[in-house]
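# Architecture and fold: a report
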Amino acid sequence: MAKKKKRGQLRQVPDPNQSSQVHPATPANSVNPVQPADPVNLARPPSPIKPPTPVKSPSPVAPASPVIPASPVILVEQELPVEPEPEPVPSPPVAPEEYEKIQDGNAAEEVSKIWAYGADDKESQVHFFDSSFTRLSFEDSERNTSEVLAAEFNAGSTQSADEGYEHVSSEERAPDFSQYDQLPRISPPVEPLRSGPHIADTFDVEKVIGAIQNGYSATELREYLSYYHKAETSLLKENLNAVVRGFPATFFVVETNDAELIRSWIKFGGDPNATHGPLRFPLLAFAILCGSRPRLQATKTIETLLRLGASPLVIPAAYYNPFDGDLPESGPEEKYLHDIRDGDKLWCTPEIRQRLAGALSLTQRYRLWQATGLEPASGRERTLAIRKDAVEILGLPYAIIGQKLAAWSLRKSFLVHLAMPRRKPLVLLFAGPSGHGKHELARQLGNLLSLELEEVNCADFERAQDSDLGAPLNNFLASKTGQRSIVFMNDFEKTCEMTHKALLAPFDRGDYADRRNGQKVDCSQTIWVLATNQFDNIISDFSKANNKLLRYSDLRSEQYTLRRQLHRRLRDGSIEKFGGPLASRITEIIPFLTFDPSEQALIADKYMMELETVIAGPVVKSTDPDEDKLVGNVQLQIVNNAEVCSIIARDNYMPEFGASSISHGVDAAIANPLISRYLEDGDDFSEDQAETKFKVMTNEDNEVEVLAINDGGNGYLPGPRYSWY
């Protein structure tokens, strides 16, 4: 039996008027996936669960020594008296459902009614990225969690994909996967969670999970965890990885399908590679299976986990390589499951494979495929990003579809800029055709770094300016003096020579004079993004000549050489268009290529997921007709997801318009016929109307069709094939 480690508690300064006691729900040590899969009870059962046999209470803990009042949180190491270990008495484990029976449902309902969580949506004043906060262990998150098991199970025969399970008991080989359909429900704390120097409240991970299940927002969670993080990072990490009601705490957070909650939990120490049970069911698989609806939220959850260190290798490769074809309903054929006997995939039993295939969407499979091929950050790059409060820049490729070269170039340029402290700001020229991700990449950069982004339409900017830089931009720069921020100038080719001259000083020296009062503004931390489609012909011709090498070669070899060649051509074009003084101040030129067929299909899937999310919401009938939302309570089922997306992309993609052309194609093939049929059915709109179901599929003529499913599946409606442009 594994020896229990002594643990400390994360708590506030004790009140001398209160008696010291051991908290009944002290979290266990963090789940270490490298340990053998021995079913050890890692956490003390939280109250009100009683152990099956009497347990001797520990001796009273002596009152804490006086501490300096300025220390709001301390780490107290409590040592229990060591006694001879009695003979173990066999007792059946408490099933998760038994925990639910103990909960007082009526009391929980009353507490929920008076809870204030979510009432105040103000932005937290806690700084999200502080240097100590981002000390997450990438060594932990990227480790191979199953080296030991893999060695044991790979020693056998390789004739069958199911071989290797002979070392696992029949009960473990066919686990009850229904336990993951819904994790145990936890009542919210009697009082809302609070933290502060004058609040004597012990950190209790089960209370935090109860709060999350009952509406605790990501902003509130960030503020709460950041307070305890200041006490002791490693101990908070241990608590966040404790077992709650039989499951790792991170599973409960992922179950919410809230990407921002997951982001906060993992960045404060939660393990993105957590596992559960004797077969070590991985968190990533749990996210896929529990998040099949709605697909857009589930996809964001999976992207967040991968970006923050979840290993895609826990999913059998046949499920995502290749990613751009549809999987059989029963899952990949056994002959393609070459890695199913690896130690980290023992959870993927025949009973779960069909379910996994049905839950994975085209975009999710793309993200898994993408994660296996991305060049990992070096140790120095990782350390630099952490120390400079920019750790999520390492996951930038997961924030955009395609544009591998652009995302890689931006990440490299940003890290180089961070590594060499200087007063010059980072000035980037995003060059490429419209609708191919320039604005999206700038927006995602701001999201990952938690930066405010100011958008400037250069066509309007030139007409409406009342000063050298125009009033809105002037005011934004003044409000962000000395702070990191992003200015996105779209259609930069439409700016005039006067604007170019006005930008020379901000680009070169990193300073600017406020046009309202003449005060000096420090914009050395500003990230300037100049977007243009002026050089589309240069990029198009170069892409056609070097398509395979640009898209699929090793970024460290051939692609690096090609990138420099393309950069020189774009630099020459910039000098000719914007003049030498401005062009010489551009730090890096980031090229954006046209989409290949698989990327076009992914863009179609993106717009289909957005449509699903919009129509799945409730119907709203407002007193103001302009605020009505009359299309709602609609479920959209996609059959052969990859094939549907490929057909829409093939029929509608135009390189000169990019993603917008595919968006119109989704409207024409799916949204318009679906809404038309929705309006034909029913007498009126109601906020509690029954759910309407539609199926999208392809027919024998390789056309996309929309089928209304009404009590028996009647109501066939083919998608119209008319031109929208």
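So, how was this worked out
Each chain has its residues counted from 1, running along the sequence as written. Since the coordinates come from a predicted model, pLDDT governs what is reported: local features require at least 70, and pairs of side-chain atoms require 80 or more to be given and counted, while whole-chain, interface and lining totals use all residues. Calculation of side-chain values draws on the structure's entire complement of heavy atoms; hydrogens and water are dropped beforehand. Strands here are runs of E lasting at least two residues and helices are runs of H or I lasting at least four, both read from the DSSP assignment and numbered beginning at the N terminus. Residue exposure (1.4 Å probe, protein chains only): buried if accessible area is under 20% of the type maximum, exposed if over 50%, otherwise partly exposed. For this analysis, residues touch if any pair of their heavy atoms sits within 4.5 Å. N or O atoms closer than or at 3.5 Å make up a polar contact, with two conditions inside protein: a donor-capable atom paired with an acceptor-capable one, and, for residues adjacent in sequence, both atoms drawn from side chains. Strand pairing is assigned whenever DSSP detects at least two bridges linking the two strands. Axis definition: a line fit to C-alpha positions, over the contact stretch in the case of helices; interaxial angles, taken between N-to-C directions, run 0 to 180 degrees. The predictor attaches a confidence to each residue, and that confidence, scored 0 to 100, is pLDDT. Only one rule defines a salt bridge in this text: a Lys or Arg side-chain nitrogen within 4 Å of an Asp or Glu carboxyl oxygen. An angle below 35 degrees is treated as roughly parallel, one above 145 as roughly antiparallel, one from 65 to 115 as roughly perpendicular, and anything else as oblique. Crossing handedness: left-handed means the near helix sits turned counterclockwise from the far one by under a right angle, and right-handed means the same turn made clockwise. The criterion for an aromatic pair is that two Phe, Tyr or Trp rings (for Trp, the six-membered ring) have centres within 6.5 Å, with stacked assigned to planes under 30 degrees apart, edge-to-face to planes over 60 apart and tilted to the rest.

So, on to the environment of Glu493. Tracing the backbone shows Glu493 in the loop between β9 (485–490) and α20 (497–508). Given a relative accessible area of 13%, Glu493 falls into the buried group. Along the sequence, Glu493 and Phe535 sit 42 residues apart, while their C-alpha atoms lie 9.7 Å from each other. Excluding its chain neighbours within four sequence positions, the residues that come into contact with Glu493 are Ala531, Thr532, Asn533, Gln534, Lys577 and Phe578. A distance of 2.7 Å separates the side chain of Glu493 from the side chain of Thr532, its partner in a polar contact.

Here five strands make up an open sheet; going across it, the order is β8-β9-β12-β7-β13 and the pairing parallel. This sheet does not close on itself; its edge strands, each paired only once, are β8 (453–457) and β13 (588–591). On average, each strand axis in the sheet is inclined to that of its neighbour by 20°, with strand direction left out of account. Two elements, β9 and strand β12 (residues 526–532), share five bridges in a ladder whose sense is parallel. Bridge assignment links Met489 to a residue of β12, and that residue is Leu530. Seen against the sheet, helix α17 (residues 438–448) touches β7 (426–431), β8, β9 and β12 and runs at an angle of roughly 170° to β9.

The next thing to look at is the confidence of the model for the protein. Averaged over every residue, the pLDDT of the protein is 77; residues scoring 70 or more account for 70%. Below a pLDDT of 50 lies the segment residues 88–165, which in the model reaches 144 contacts outside its immediate sequence neighbourhood of four places, other chains included. In the predicted structure, residues 712–725 sits below a pLDDT of 50 and forms 37 contacts with residues beyond four places in sequence or in another chain.

All right, on to the pattern of salt bridges then. As enumerated under the stated definition, the model contains 31 salt bridges in all. Here Glu333 ties to Lys335 by a salt bridge, and the two come within 3.8 Å at their closest N and O atoms. Judged by relative accessible area, Glu333 falls into the partly exposed class, the value being 44%. Here Glu680 makes a salt bridge to Arg677, at a shortest N to O gap of 3.9 Å. With Glu680 and Arg677 both in helix α27 (residues 659–680) and three residues apart, this pair spans about one turn of that helix. You can call Glu680 exposed: its relative accessible area is 55%.

We now examine unusual backbone geometry. Each neighbour pair has its own omega, and for Asn321 with Pro322 the value is 5°, a cis peptide bond. Within the secondary structure layout, Pro322 lies in the loop between α12 (295–307) and α13 (350–359). The backbone of Gln403 shows a phi angle near 50°, a positive value even though the residue is not glycine. A relative accessible area of 6% means that Gln403 is categorised as buried. Not every positive phi belongs to a glycine, and Asn633 is a case in point at roughly 55°. Residue placement: Asn633 occurs in the loop between α25 (597–616) and β14 (634–638).

Below, the discussion takes up the packing of helix α15 (residues 379–387) against helix α16 (residues 404–419). It is at 10 Å that the axes of α15 and α16 come closest, and there the two elements cross at 65°. Taken together, the axis directions place α15 and α16 in an arrangement best described as roughly perpendicular. Taken as a pair, α15 and α16 cross one another with a handedness that is left-handed. Two secondary-structure elements touch here, α15 through Glu381, Leu384 and Ala385 and α16 through Arg411, Lys412, Leu415, Leu418 and Ala419.

Moving on, we come to the pairing of β13. Alternating residues of β13 divide into Glu588 and Ile590 and Ile589 and Pro591, and every residue in both groups is buried. Of the strand pairs in this sheet, β7 and β13 are connected by four bridges, and their pairing is parallel. Counterpart to Phe430 in the pairing with β13 is Ile590.

Counting across every chain of the model gives 21 aromatic pairs. Between the aromatic rings of Phe203 and Tyr224, the centroid separation amounts to 6.0 Å while the plane-to-plane angle is 25°, which identifies the pairing as stacked. Here the residue Phe203 occupies a position in the loop between α5 (170–173) and α6 (205–213), and Tyr224 occupies one in helix α7 (residues 218–229), the gap between them amounting to 21 residues. Across the pair, Tyr224 and Phe203 agree in class, each one buried.

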